[in-house]
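Residues per chain, in single letters:
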Amino acid sequence: MIRKKVAVKNSSGIHARPASKLVKLASKFKSDFFIYMYGYKINGKSILGVMTLAAEQGAELELETSGPDEKEAMGAIEDLINSGFDEE
Amino acid sequence: MESTDNDIRESIIEGLAASPGVAIGSAIVIQRRAVQVKPEKVEVRQVDDELTAFNTVRDGTIRDLKSYDISDTSRNYGDATEILEAQIEIVKDPDLHRSVCKYIEKDHYKADYAVCLAFDQYLKVIEKSGNQLLIERLVDVRDIRDRLIKRIQRHRPGLHLAGNTVVVSEEISATEVIEYARDGVRAIVSDRGGLTSHAVIIANSLGVPAVVGTRSASRQIATGDPLIVDGKRGKVILNPEVETLERYKRLLSRIRREEEEMTRIIEVPSKTLSGESFRLQANVEFAEELGNVVRYKAMGIGLLRTEALLLADRYHDGLEEMQRQLYKKSIDSVSNDIVTIRLFDIGGDKFIEDASNEVNPFLGWRGVRYLLDNKRLLDVQLKAILEMAGQNPGKVRILVPMVSTIEELQQVSLDIDDIQNQLEGDGKPIDKDVRVGIMLEVPSMVLLADRVAKYVDFFSIGTNDLTQYTLAVDRGNTRISKLYQQMHPSLWSLIHMATEAARKNGVGISVCGELAGKPFAASVLLGLGITELSMAPAAIPAVKKVLVNQTMSSMQELAQKVLKAATMDDITQIMNGWEQEFKNME
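Residues numbered from 1 in each chain as written. Chains lettered and ligands numbered in written order. Predicted model: local features only at pLDDT ≥ 70, side-chain atom pairs only at ≥ 80, totals over all residues. Heavy atoms only, no water.

J.: Now, about the overall build of chain B: what can you tell me, with residues and values included?
T.: Within chain B one finds 23 helices and 16 strands. Looking at chain B residue by residue over its 586 residues, the buried ones come to 51%. Sequence-distant contacts in chain B: of pairs separated by 6 or more residues, those separated by 24 or more amount to 69%. (Helix = DSSP H or I, 4+ residues; strand = E, 2+ residues; numbered from the N terminus. Buried < 20%, exposed > 50% of the residue type's maximum accessible area, 1.4 Å probe, protein only. Contact = heavy atoms within 4.5 Å.)

Structural data, given as structure tokens:
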């Protein structure tokens, strides 16, 4: 299991389009993926779950991946979030 | 919706003749109206059925969404894709799935109410969040929820589709046609839709009469209204009068007699009256059509279109597996015969994700051109095909689409050699003699046919596109569509040229365009020397009937007459003469 902290960079936060990208990416990996935010834990492969986070710019997220490809999963997901979901 | 006295008069609704056949029944109108769910529960023993209903609808919805052609909404192309992708993710959402199943399994709620409850949880939280961008998207979330609920409500067998039902709707998807056909619907009528849509192709393939493009049928007709659907003439007759009803009942029994005759024809050997053999094969696109391949006893699949696989899986996950399944099923459906697999023919009117709205898509980046610029995709497909060929030697042929130069073919052949070597190196079985051929659809290749023949094992004439390129007509352009004539003298001339080249070089030749499925044209093709024709499975009986009842010499005479024609009028005259003779024979 790997845990990493990231901050949401996009000015619009994680709205529908980034949520969709995130979930699609995470679903490619075998490992489980969870997101913790301010005490909430949601399944990072569930788009509805990610949308309920309604994470705004600056929100601190703790990412957790666990499974056979946890390293690759964490790397890819972290990159996506840090790159602002290629939005700006 | 009540009908007033005024509405009880017979009225005719015109549309496009999408799929032939007659249906006499009562309408079920499927409206886009607000969805209604009731908090109903089921007995313990029905819980499994509800789960199955939910899962089936979920899978079908994912497939449908993935195959949506959004090139129509090209104004907001980027936004449309974004919404669609998010909707696909929502339907696939694992937590949503878990939640719905829990409501069904633990609380015994009906599937549609379970979906409603599951979505509600998320909708409430997102609404409270105050995040405007997300709240804007709730429209799409609710759209998906409603879509799932509606499909579940329609899914219940017997509820809607007892007796002679005709489905009338604004729009009908290919998947819905398949579902309705399975439920025993007698015909399909829609406001929208064009003749080349997938829904129409499937309706034809499954033999379900259909009239599309009526513009307002779903608003003129009410559920329960009696109607007659005449698929061949593109007519829907609402509240038919007694005389009309009688007329169509007679027509229906005549059609049934013809169908019995066709069933008999299928069993007869595929030989002309003078004893020469011919092969009638099937054009197939979806696995659902394979049932008809068996039913009409097609002697092989002359054209297996594969691009639907790409449209169903835009991001190429699982493309290898989907291919393998389709190829395996196709090979199994023709027992000892051959399946000719056409490489992905995308571009033109078929949506591809990086199409940058070409000015002339038919003259653009499609077919083998697209594939050669996307080697990875080409190789993924070739590998799947060659593996299948290795496991089923002699049963698989490869067909390359839209070849316009010999060099393109050579490049594909090199790739094939490479992949065969790779497979051998990996210890996998290969078919050393796997046959490779090209679609003859671009005139350049027809004109060079005698020189191209050295490089191919077979030709397959794609008369649909060959007609467009030769007569410079875009079939979809309504202003000039009258010029799209598949039997124009120029086409026969080209077909003759290709056939001679094939014969001189000992190369196989067949026709897989729509032309092959027309009885008169099929007779001419045989007369020109082409004995392998591939068509929609349902077209096989009518073609077989005329071919077994003519001698080769009479068909050759027919072909010679056709080759002397100079205008469409000449051709029409010859055809009318032939049809008369045929009627006299019966």
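J.: I'd love a proper account of the packing of aromatic side chains, names of residues and values included.
T.: Here the structure, examined in full by the defined rule, presents 4 aromatic pairs over all chains. Where Trp578 of chain B meets Phe582 of chain B, the ring centres are 5.0 Å apart and the plane angle is 35 degrees; that geometry is what we call tilted. Of this pair, Trp578 of chain B and Phe582 of chain B both sit in helix α23 (residues 568–585), 4 residues apart, which is roughly one turn of the helix. The structure contains a cluster of three or more aromatic residues connected by ring pairs, namely Phe520, Trp578 and Phe582 of chain B. Against the face of Tyr36 of chain A rests Arg3 of chain A, its NZ or CZ located 4.6 Å from the ring centre. Between Lys41 of chain B and the ring centre of Tyr109 of chain B, over which it is positioned, the NZ or CZ distance is 4.8 Å. (Phe/Tyr/Trp six-rings, centres within 6.5 Å; stacked < 30°, edge-to-face > 60°. Lys NZ or Arg CZ within 6 Å of the ring centre and 35° of its normal.)

J.: So what's going on with the sheet that holds strand β6 (residues 210–212) of chain B? Residues and values would help.
T.: Residue and element names in this part refer to chain B. Ordered in space as β1-β8-β7-β3-β4-β5-β6-β2, the 8 strands form an open sheet in which the pairing is mixed. In the strand order of this sheet, the two ends are held by β1 (11–14) and β2 (16–19), each with one partner. Pairwise comparison of adjacent strand axes, ignoring direction, gives a mean angle of 30 degrees for this sheet. With 2 bridges joining them, strand β5 (residues 187–190) and β6 adopt parallel strand pairing. (Pairing = 2+ DSSP bridges. Axes fitted to C-alpha atoms, helices over the stretch in contact; angles between N-to-C directions.)

J.: Give a detailed account of empty space enclosed by the protein, specifying residues and quantitative values.
T.: Evaluation of the coordinates by the stated rule reveals 1 cavity of 30 Å³ or more. Here the largest cavity defines a volume of roughly 40 Å³. Lining the largest cavity, in full, are Ala16 and Met51 of chain A together with Ile83, Ala86, Gln87, Ile90, Arg137, Asp140 and Val141 of chain B. Elements with a contribution of two residues or more to the lining of the largest cavity: α2 (77–92) and α5 (132–155) of chain B. The leading source of residues in the lining of the largest cavity is α2 of chain B, at 4 residues. Class assignment of the residues belonging to the lining of the largest cavity gives a composition of 6 nonpolar, 1 polar and 2 charged. (1 Å grid on protein atoms, 1.4 Å probe; cavity = no way out; pocket = protein on both sides within 12 Å on 5 of 7 lines; lining within 4 Å. Points joined across faces, edges and corners; volume = space filled by probe spheres on them. Nonpolar A, V, L, I, M, F, W, Y, C, P; charged D, E, K, R; others polar.)

J.: Provide a residue-level description of the interface of chain B and chain A, including the pertinent values.
T.: Contact residues are listed per partner, giving 22 residues for chain B and 19 residues for chain A. Put simply, Lys24 of chain A and Glu85 of chain B hold a salt bridge, and the shortest N to O gap is 3.4 Å. Elements supplying a minimum of two residues to the side of chain B that touches chain A: α2, α3 (94–105), α4 (111–129) and α5 of chain B. Looking at the side of chain B that touches chain A residue by residue, the classes come out as 12 nonpolar, 2 polar and 8 charged. (Salt bridge = Lys/Arg side-chain N within 4 Å of Asp/Glu carboxyl O.)

J.: Help me get a handle on the pairing of strand β3 (residues 40–43) of chain A, residues and values and all.
T.: Residue and element names in this part refer to chain A. Sheet analysis places strand β2 (residues 32–37) next to β3, joined by 4 bridges and oriented antiparallel. When the bridges of β3 are listed, Met37 appears paired with Tyr40. Here β2 folds back onto β3 in antiparallel fashion, the turn holding 2 residues, of which Tyr38 has a positive phi close to 45 degrees.

J.: Mind laying out the nonpolar core, listing which residues take part and the relevant values?
T.: Ranked by size, the top nonpolar core spans 99 residues in total, and within it Ile438, Phe459, Trp492, Leu533 and Leu547 of chain B carry the most contacts. Ranked by the residues each element gives to this core, the list is headed by helix α14 (residues 375–391) of chain B, at 9 residues. For Leu533 of chain B, the residues in contact, after removing those within four places along its chain, are Arg279, Leu280, Gln281, Val511, Ala516, Ala522, Leu525, Leu526 and Leu547 of chain B. Membership of the second largest hydrophobic core comes to 63 residues, among which are Val8, Ala26, Leu48 and Ala54 of chain A. (Core = buried A, V, L, I, M, F, W, Y, C linked by side-chain atoms within 4.5 Å.)

J.: Quick one: what's the story with the environment of Phe458 of chain B, residue by residue and with numbers?
T.: Residues and elements named next belong to chain B. The residue Phe458 is located in strand β14 (residues 458–461) in this model. A C-alpha to C-alpha distance of 4.6 Å links Phe458 and Gly437, two positions 21 residues apart in sequence. Each residue touching Phe458, except ones within four places of it in the same chain, is listed here: Thr340, Arg397, Ile398, Leu399, Arg435, Val436, Gly437, Ile438, Val507 and Gly508.

J.: Provide a residue-level description of the pattern of salt bridges, including the pertinent values.
T.: Residues and elements named next belong to chain B. Enumeration according to the criterion identifies 33 salt bridges over all chains in this entry. Between Glu40 and Lys110 there is a salt bridge; the shortest N-O distance is 3.0 Å. Residue Glu40 is located in the loop between β3 (22–30) and α1 (47–66), and its partner Lys110 is located in the loop between α3 and α4; the two are separated by 70 residues in the primary sequence. Residue Glu40 is classed as partly exposed on the basis of its relative accessible area, which comes to 33%. As a salt-bridge pair, Glu258 and Arg254 come within 3.3 Å of each other at their nearest N and O atoms. Of this pair, Glu258 and Arg254 both sit in helix α9 (residues 242–267), 4 residues apart, roughly one helical turn.

J.: Would you mind going over the environment of Glu532 of chain B in detail, with residue names and values included?
T.: Residues and elements named next belong to chain B. Following the sequence through the fold, Glu532 ends up in strand β16 (residues 532–535). As for Glu532 and Ile509, which are separated by 23 residues in sequence, their C-alpha atoms are 7.1 Å apart. When residues no more than four places from it in sequence are discounted, the contact partners of Glu532 are Arg279, Gln281, Arg397, Ile509, Ser510 and Val511.

J.: So what's going on with the sheet that holds β3 of chain A? Which residues, and what values?
T.: Residue and element names in this part refer to chain A. With antiparallel pairing, the 4 strands of this open sheet are ordered in space as β1-β4-β2-β3. The open sheet has two free edges, formed respectively by β1 (2–7) and β3, since each of these has just one partner strand. Across the sheet, the mean angle separating the axes of adjacent strands is 25 degrees when strand polarity is ignored.

J.: Which residues make up helix α3 (residues 70–82) of chain A, and what values go with them?
T.: Residue and element names in this part refer to chain A. Counted at 1.5 Å a residue, the expected span for α3 with its 13 residues is 18 Å, and the 18 Å between its end C-alpha atoms agrees. Listing the buried residues of α3 in full gives Glu70, Ala73, Met74, Ile77, Glu78, Leu80 and Ile81. Along the long axis of α3, the arc covered by the buried residues comes to 160 degrees, so they all point the same way. Exposed and oriented more than 90 degrees from the buried face of α3 are Lys71 and Asp79. On its buried face, α3 is in contact with β1, α1 (16–27), β2 and β4 (60–66). (Expected span 1.5 Å × (residues − 1). Arc of directions from axis to C-beta.)

J.: So, the packing of helix α19 (residues 489–504) of chain B against helix α20 (residues 519–528) of chain B: which residues are in play, and what are the values?
T.: Residue and element names in this part refer to chain B. Packing of α19 against α20 brings their axes to within 10 Å, and their N-to-C directions diverge by 35 degrees. When the axes of α19 and α20 are compared, the crossing they make is right-handed. In contact with Trp492, Ile495, His496 and Thr499 of α19, α20 contributes Ala521, Val524, Leu525 and Leu528. Taken together, the residues of the contact of α19 with α20 break down into 6 nonpolar, 2 polar and no charged. (Left-handed = near helix turned anticlockwise from the far one by under 90°.)

J.: Describe the confidence of the model for chain B, with residues and values.
T.: Residues and elements named next belong to chain B. Looking at chain B, the pLDDT average stands at 87 and 91% of residues meet or exceed 70. Across residues 69–77 the pLDDT falls below 50, and counting only partners more than four positions away or on other chains, this stretch makes 10 contacts in the model. What the predictor reports for the complex is a pTM of 0.62 with an ipTM of 0.90. (pLDDT = per-residue confidence, 0-100.)

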